Amino acid sequence: MRCQHHLVLALAFVPSFTLTLSRATWATPSRSSPQSSPRATPREASVEAPRRQQFEWGTRIAHRNATVESILCLFEAHGHEFSARNLATTAHRVAKLGSRRRSWGRKDARMRAVAEACRRRASALEPRGLANTAWAFATAGVRAPTFFDAVAAEALMRLGEFNPQELANAVWAFATAGVKAPELFDDIAAALPQLDDLKAQELANPARAFAPRAPARPGCSVR
């Protein structure tokens, strides 16, 4: 009951809590959800580049000298050919690099485009990718309700595939983004007795003001 109470608090007060879970293994049976994940229509579908090209792009995205601008320019040029993994890496890396500018992602249309691309490929993302992209868009302050709906639908069907840390990241992201997913949260609460440890630690109260408007970005030239 104590664990469940902590989770309820974490979900109710946005975004004052973060969740950290033990590495204990747990499982819940996967189930079909009445709300299916949004799927890409033939018009939305894009052709992935070959694996060798995906590796090259992934290396550029994860490079220590990569910047928010360089990664988003790469996405603008080739995002329609990115694998689901490279889309998730793009969102996560950009959010980490831009995390000092709270909610900056709301003002960059390219981040909304990344969120839409991730929505279309949600069914191809592994649990870690779903959790990391949810964390990324919540951290960057990107308004992406349809993306979070897709994540919730996938998580409902694949809840037993998530490890405790992935679950924690996903719950924190939904709470921080202020997205309601009562069916998903009910299933997570039902799984709590199977976890060895669940602790809610209060975070320092983050600044809520939007970051100053960013200067006009230079033109992208990516080959």
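Residues numbered from 1 in each chain as written. Predicted model: local features only at pLDDT ≥ 70, side-chain atom pairs only at ≥ 80, totals over all residues. Heavy atoms only, no water.

Chemist: So what's going on with the packing of helix α2 (residues 51-62) against helix α4 (residues 84-97)? Residues and values would help.
Modeler: At a closest axis distance of 10 Å, the pairing of α2 and α4 adopts a crossing angle of 10 degrees. Between α2 and α4, the interaxial angle falls into the category roughly parallel. For the pair α2 and α4, contact is made by Q54, W57, G58, I61 and A62 and by N86, T89, T90 and R93, respectively. Here the contact of α2 with α4 is built from residues that sort into three nonpolar, five polar and one charged. (Axes fitted to C-alpha atoms, helices over the stretch in contact; angles between N-to-C directions. Helix = DSSP H or I, 4+ residues; strand = E, 2+ residues; numbered from the N terminus. Parallel < 35°, antiparallel > 145°, perpendicular 65-115°, else oblique. Contact = heavy atoms within 4.5 Å. Nonpolar A, V, L, I, M, F, W, Y, C, P; charged D, E, K, R; others polar.)

Chemist: Quick one: what's the story with the environment of L74, residue by residue and with numbers?
Modeler: As for its position among the elements, L74 is in helix α3 (residues 68-78). Sequence spacing of L74 and T90 is 16 residues, and the spatial spacing of their C-alpha atoms is 9.4 Å.

Chemist: Please give an account of α2 that cites residues and values.
Modeler: With twelve residues, α2 should cover 16 Å at 1.5 Å per step; its first-to-last C-alpha distance of 16 Å lies within 8% of that length. Where α2 is concerned, the buried positions are Q54, W57, G58 and I61. Mapping the buried residues of α2 onto a view down its axis gives an arc of 105 degrees, with all of them on the same face. Opposite the packed face of α2, turned more than 90 degrees from it, sit the exposed residues R52 and F55. Here the buried face of α2 lies against α3 and α4. (Expected span 1.5 Å × (residues − 1). Buried < 20%, exposed > 50% of the residue type's maximum accessible area, 1.4 Å probe, protein only. Arc of directions from axis to C-beta.)

Chemist: An account of the nonpolar core is requested, with residue identities and associated values reported.
Modeler: Ranked by size, the top nonpolar core spans 50 residues in total, and within it F137, F147, F148, F174 and L184 carry the most contacts. Secondary structure elements with two or more residues in this core: α2, α3, α4, α5 (109-120), α6 (127-140), α7 (145-158), α8 (164-177) and α9 (182-191). At seven residues, α7 tops the list of elements feeding residues into this core. Look past the residues within four positions of F148 in its chain and what remains in contact with it is A134, F137, A138, A173, F174, A177 and V179. (Core = buried A, V, L, I, M, F, W, Y, C linked by side-chain atoms within 4.5 Å.)

Chemist: Can you tell me about the side chain of Q54, naming the residues and giving the values?
Modeler: Tracing the chain through its elements places Q54 in helix α2. On the basis of relative accessibility, which here comes to 8%, the residue Q54 falls in the buried class. Only 2.7 Å separates the side chain of Q54 from the backbone oxygen of E81, close enough to count as a polar contact. If we ignore the near neighbours within four places in the chain, the residues touching Q54 are E48, A49, E81, F82, S83 and N86. (Polar contact = N/O pair within 3.5 Å; in protein donor to acceptor, adjacent residues only side chain to side chain.)

Chemist: Give a detailed account of the packing of aromatic side chains, specifying residues and quantitative values.
Modeler: As enumerated under the stated definition, the model contains six aromatic pairs in all. When the centroid spacing of 4.9 Å and the interplanar angle of 80 degrees are considered together, the rings of F137 and F147 count as edge-to-face. A residue pair is termed long-range when its members are at least 10 positions apart, and F137 in helix α6 and F147 in helix α7 qualify at ten residues. Here F137 matches F147 in class, with each residue buried. (Phe/Tyr/Trp six-rings, centres within 6.5 Å; stacked < 30°, edge-to-face > 60°.)

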